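Read off the chains here:
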Amino acid sequence: MRNWQVGDVMTKDVATVTADTPYRSIVDVLMRRRVSAVPVVDELGRVVGVVSETDLLHKIEFAGTDQAPRLFESRRNRRARVKADAVVAADLMSTPASTALATTSITAAARRMDAGRVKRLPVVDELGRIIGIVTRSDLLKTHLRPDEAIRVDIESGILHRVLLLEPGTITVTVTAGTVTLAGTVDRRSSAELAVRLTRQVPGVVEVADAVTFEFDDTAILYPAF
């Protein structure tokens, strides 16, 4: 079983801007490419920040208002007012940009997006140069995998190669991403490992565990006192 990585689902044709790209040109790129954010790169193609629609909307949000900061204004509002006056990417972008390598697992990428509250990650090489971009919707593509492909991954990658089980020891059925495992193995630890690893297979939505065991080896490893 091959673990899915960011490089498997990322978009390689990435629109970028540079630090001196004007506000209007950034808006044009977003509209023309139908994206909600664009990485900012330096002369070597290294990612230095990201400009999103949120960064650009501050100019509209504060249009025609008094730009002077209020005494007890939040940090978020102060930053927004600064960006409302910005005219080039260098002053609009959010930095540092949260990025990922092509070899980053999709699980790690999802966690990074959630932790950073971002909707996309520029994908970079070892030198920080952009080679793609991955979005939340890209990560969700794994759940569009055919049931048959999921079943093959479980049977060949987990049951055969990892657990070294004979064919037919555990039967695998997959329906709309829901996996049912049924059968009997010799040890409880093997039964639990089969279920745990199956949950990690890209495209698996849920695992119905109907695997039984003949011997509880976990009672020996973790005896009750």
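Let us look at the structure shown here. Source: prediction; values computed, not measured. (Residues numbered from 1 in each chain as written. Predicted model: local features only at pLDDT ≥ 70, side-chain atom pairs only at ≥ 80, totals over all residues. Heavy atoms only, no water.)

**Notes on the overall build of the protein chain**
Stage number 1. A tally of regular secondary structure across the protein chain gives 10 helices and nine strands.
Stage number 2. Here the C-alpha atoms of the protein chain give a radius of gyration of 24 Å, more than 25% beyond the 17 Å that 2.2 N^0.38 yields for 225 residues.
Stage number 3. With the C-alpha coordinates of the protein chain rotated into their principal frame, the extents come out at 75 × 45 × 30 Å.
Stage number 4. Out of the 225 residues in the protein chain, the part that is buried amounts to 37%.
Stage number 5. Restricting the contact set of the protein chain to residue pairs at least 6 apart, pairs at least 24 apart contribute 58%.
Stage number 6. Element-wise, carbon and sulfur atoms account for 54% of the exposed surface of the protein chain, whose accessible area totals about 13,600 Å². (Helix = DSSP H or I, 4+ residues; strand = E, 2+ residues; numbered from the N terminus. Rg over C-alpha atoms; globule rule 2.2 N^0.38 Å. Buried < 20%, exposed > 50% of the residue type's maximum accessible area, 1.4 Å probe, protein only. Contact = heavy atoms within 4.5 Å. Areas by Shrake-Rupley, 256 points an atom, 1.4 Å probe, with all protein chains shown as cover.)

**Remarks on the sheet that holds strand β7 (residues 170-175)**
As a general point, the strands of a sheet are linked pairwise by backbone hydrogen bonds and lie either parallel or antiparallel.
Stage number 1. Strand order in the open sheet formed by three strands is β7-β8-β9, and the pairing between neighbours is mixed. Two strands in the sheet have a free side with no partner beyond their single neighbour: β7 and β9 (206-215). Each strand of the sheet is rotated relative to its neighbour by a mean of 10 degrees, with strand direction disregarded.
Stage number 2. Sheet topology note: the β7/strand β8 (residues 178-187) ladder contains six bridges and is antiparallel. Residue pairing across strands places Val 174 opposite Val 179, the latter belonging to β8.
Stage number 3. Each of β7 and β8 is contacted by helix α8 (residues 147-160), which is oriented at about 155 degrees to β7, the strand it contacts most.
Stage number 4. Helix α9 (residues 188-199) contacts β7, β8 and β9 of the sheet and is inclined by roughly 160 degrees relative to β8. (Pairing = 2+ DSSP bridges. Axes fitted to C-alpha atoms, helices over the stretch in contact; angles between N-to-C directions.)

**Regarding the packing of aromatic side chains**
For any pair of aromatic rings, geometry is given as the distance between the ring centres together with the angle between the planes.
Stage number 1. Summed over all chains, the structure comprises zero aromatic pairs.
Stage number 2. In this structure, Lys 59 is placed above the aromatic ring of Tyr 23, and the distance from its NZ or CZ to the ring centre is 5.2 Å. (Phe/Tyr/Trp six-rings, centres within 6.5 Å; stacked < 30°, edge-to-face > 60°. Lys NZ or Arg CZ within 6 Å of the ring centre and 35° of its normal.)

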